[in-house]
Amino acid sequence: MKDYGTLHELNGRYNLKFERFFPVSPEDVFSILTSPEHFMQWYPFATGEMDIQLGGQINFDDGEGTTYTATITELEKPYLFSFREVDDLINISLEEEKQGSKMNFAHTFDDASWAVNTAAGWHRCLDVFSQIVNGEATNWQDNAAGLREIYSKAFS
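Residues numbered from 1 in each chain as written. Predicted model: local features only at pLDDT ≥ 70, side-chain atom pairs only at ≥ 80, totals over all residues. Heavy atoms only, no water.

What should I look at first to understand the packing of helix α3 (residues 115-133) against helix α4 (residues 144-155) in this one?
A packed helix pair is summarised by two numbers, namely the angle formed by the two axes and the spacing between the axes. Following both chains from N to C, one finds α3 and α4 inclined at 130°, their axes separated by 8 Å at the closest point. Between α3 and α4, the interaxial angle falls into the category oblique. Handedness of the crossing formed by α3 with α4: right-handed. Taken together, the residues of α4 that come into contact with α3 (itself represented by Ala-115, Val-116, Asn-117, Ala-119, Ala-120, His-123 and Arg-124) are Ala-144, Leu-147, Arg-148, Tyr-151, Ser-152 and Phe-155. Residues belonging to the contact of α3 with α4 are distributed by class as follows: 8 nonpolar, 3 polar and 2 charged. (Axes fitted to C-alpha atoms, helices over the stretch in contact; angles between N-to-C directions. Helix = DSSP H or I, 4+ residues; strand = E, 2+ residues; numbered from the N terminus. Parallel < 35°, antiparallel > 145°, perpendicular 65-115°, else oblique. Left-handed = near helix turned anticlockwise from the far one by under 90°. Contact = heavy atoms within 4.5 Å. Nonpolar A, V, L, I, M, F, W, Y, C, P; charged D, E, K, R; others polar.)

Got a minute to help me understand α3 in this structure?
Since the α-helix packs 3.6 residues into each turn, any two residues three or four apart lie on the same face. Between its terminal C-alpha atoms α3 stretches 26 Å, which fits the 27 Å expected from 19 residues at 1.5 Å a residue. Of the residues trailing α3, Gly-135 is marked for its positive phi of about 70°. (Expected span 1.5 Å × (residues − 1).)

Looking at this structure, how should I read the packing of helix α1 (residues 26-33) against α3?
The interhelical angle for the contact between α1 and α3, taken along N-to-C directions, is 120°, at an axis separation of 10 Å. α3 is crossed by α1, and the crossing has right-handed handedness. Two secondary-structure elements touch here, α1 through Val-29, Ile-32 and Leu-33 and α3 through Phe-129, Ile-132 and Val-133.

Looking at this model, I keep getting lost on the nonpolar core. Mind explaining?
Considering soluble globular proteins, one finds that nonpolar side chains tend to be buried as a cluster. Counting residues in each nonpolar core, the largest one holds 38 residues, and the members touching the most others are Phe-39, Trp-42, Phe-81 and Phe-83. In this structure, Phe-83 is in contact with Phe-39, Tyr-43, Ile-58, Phe-60, Ala-70, Thr-71, Ile-72, Thr-73, Asp-88, Leu-89 and Ile-90, ignoring residues within four places of it in sequence. (Core = buried A, V, L, I, M, F, W, Y, C linked by side-chain atoms within 4.5 Å. Buried < 20%, exposed > 50% of the residue type's maximum accessible area, 1.4 Å probe, protein only.)

Below, the structure written as structure tokens:
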């Protein structure tokens, strides 16, 4: 299934993995990935306040009174960007591919009951990230329910 995420269990934690391919270099993808202006367009609750360095903070606001920060745990330009968001770990790695690059996106978390909703959410977010990388206007498709149905079947 093209662009669909997969769910893996390891040591009582869960890991959602997605791959995306881009017709641009890892350097170009990394630049967009770590740009506060672009990050807040596709990443949930991101405020655009980011200190892009190892140990740096990324600020979030859910719009309902909850604010929190993530800490950058790995940063190797232009191939690796990882951060801990509360108890979850987001790991994004890039590698050169023929005529472009491949992005591996992984989200590690504890509660399996969130896997379907989380997968559908990331699928939509990564679709918007792809639009940004490809220089397209961002368009949040109204496909969350359909994606939840697909992931519910895939993960059962």
